[in-house]
Amino acid sequence: RPELERLAETVLSIANFRWHPTDRELPEAELDAVNRRIVNRLVGDGSFFLAPTVLKGKAALRVCIVNFRTREEDLAFLLAEVDRIGRELVAAG
């Protein structure tokens, strides 16, 4: 997914990434705010449990997959939701 930027090498089952749209330029401060809000929305509505973090000075989403029942479809849904929410937040201003 080109709109997702990996911020660190994946270690074991931990991935650190952020939403970064490819169709528009956003200032770093706005990207950080949007990514923090994405985490808050996903966790707040109970869809996923992610941890916010900061890597290389950038707000990031940190996911750690440990449940043996996690399927590829679950991860595809997570990534789709990150993109959907990011676009929704930017469109709303």
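All values derive from a computational prediction rather than experimental measurement. Position labels on residues start from 1 in each chain and follow its written sequence. Since the coordinates come from a predicted model, pLDDT governs what is reported: local features require at least 70, and pairs of side-chain atoms require 80 or more to be given and counted, while whole-chain, interface and lining totals use all residues. In computing side-chain properties, one takes all heavy atoms of the structure into account and sets aside hydrogens as well as water.

Here we come to the nonpolar core. Burial of nonpolar side chains together is a common tendency in soluble globular proteins. Among the nonpolar cores identified, the biggest contains 18 residues, and W19, I38, L42, L50, L61, L78 and V82 are the most heavily contacted of them. A helix here means a DSSP run of H or I that spans at least four residues, while a strand means a run of E at least two residues long, and both kinds are numbered starting from the N terminus. Put simply, the parts of the chain that give this core at least two residues each are β2 (14-19), α1 (28-44), β4 (58-64) and α2 (72-92). Buried Ala, Val, Leu, Ile, Met, Phe, Trp, Tyr and Cys residues form a nonpolar core when they are joined through side-chain atoms within 4.5 Å. Relative accessibility decides the category of a residue: with a 1.4 Å probe and only protein chains considered, values under 20% of the type maximum give buried, values over 50% give exposed, and everything between is partly exposed.

Our focus in this paragraph is α1. Helix span is expected to be 1.5 Å times the residue number reduced by one. For α1, built from 17 residues, the straight-helix expectation of 24 Å at 1.5 Å per residue is met to within 8% by its first-to-last C-alpha distance of 24 Å. Those residues of α1 lying buried are L31, D32, V34, N35, I38, V39 and L42. Axial view of α1: buried residues confined to an arc of 165°, hence all on one face. Relative to its buried face, α1 has exposed residues pointing more than 90 degrees away, namely A29, N40 and G44. Should any heavy atoms of two residues lie within 4.5 Å, those residues are considered in contact. The inward-facing, buried residues of α1 abut β2, β3 (51-55), β4 and α2. Phi turns positive one or two residues past the end of α1, at G46, with a value near 80°. As used here, the arc is the angular range of directions from the helix axis to the C-beta atoms.

Within this document, salt bridges are pairs made up of a side-chain nitrogen of Lys or Arg and a carboxyl oxygen of Asp or Glu, the two lying within 4 Å of each other. Using the criterion set out here, one finds 12 salt bridges in the structure. Of the charged contacts, one joins E88 and R41 as a salt bridge, the two residues approaching to 2.6 Å between their closest N and O atoms. Of this pair, E88 sits in helix α2 while R41 sits in helix α1, and the two are 47 residues apart along the sequence. Taking the relative accessible area as the measure of exposure, E88 reaches 37% and is therefore partly exposed. Looking at R41, the relative accessible area reads 30%, which means it is partly exposed. Between R84 and E88 there is a salt bridge, and its shortest N-O distance comes to 3.0 Å. Placement of both R84 and E88 in helix α2 is noted, with a separation of 4 residues, approximately one turn of the helix. The exposure class assigned to R84 is partly exposed, which follows from its relative accessible area of 37%.

Everything listed here is a matter of coordinates, which is why it stays silent on function.
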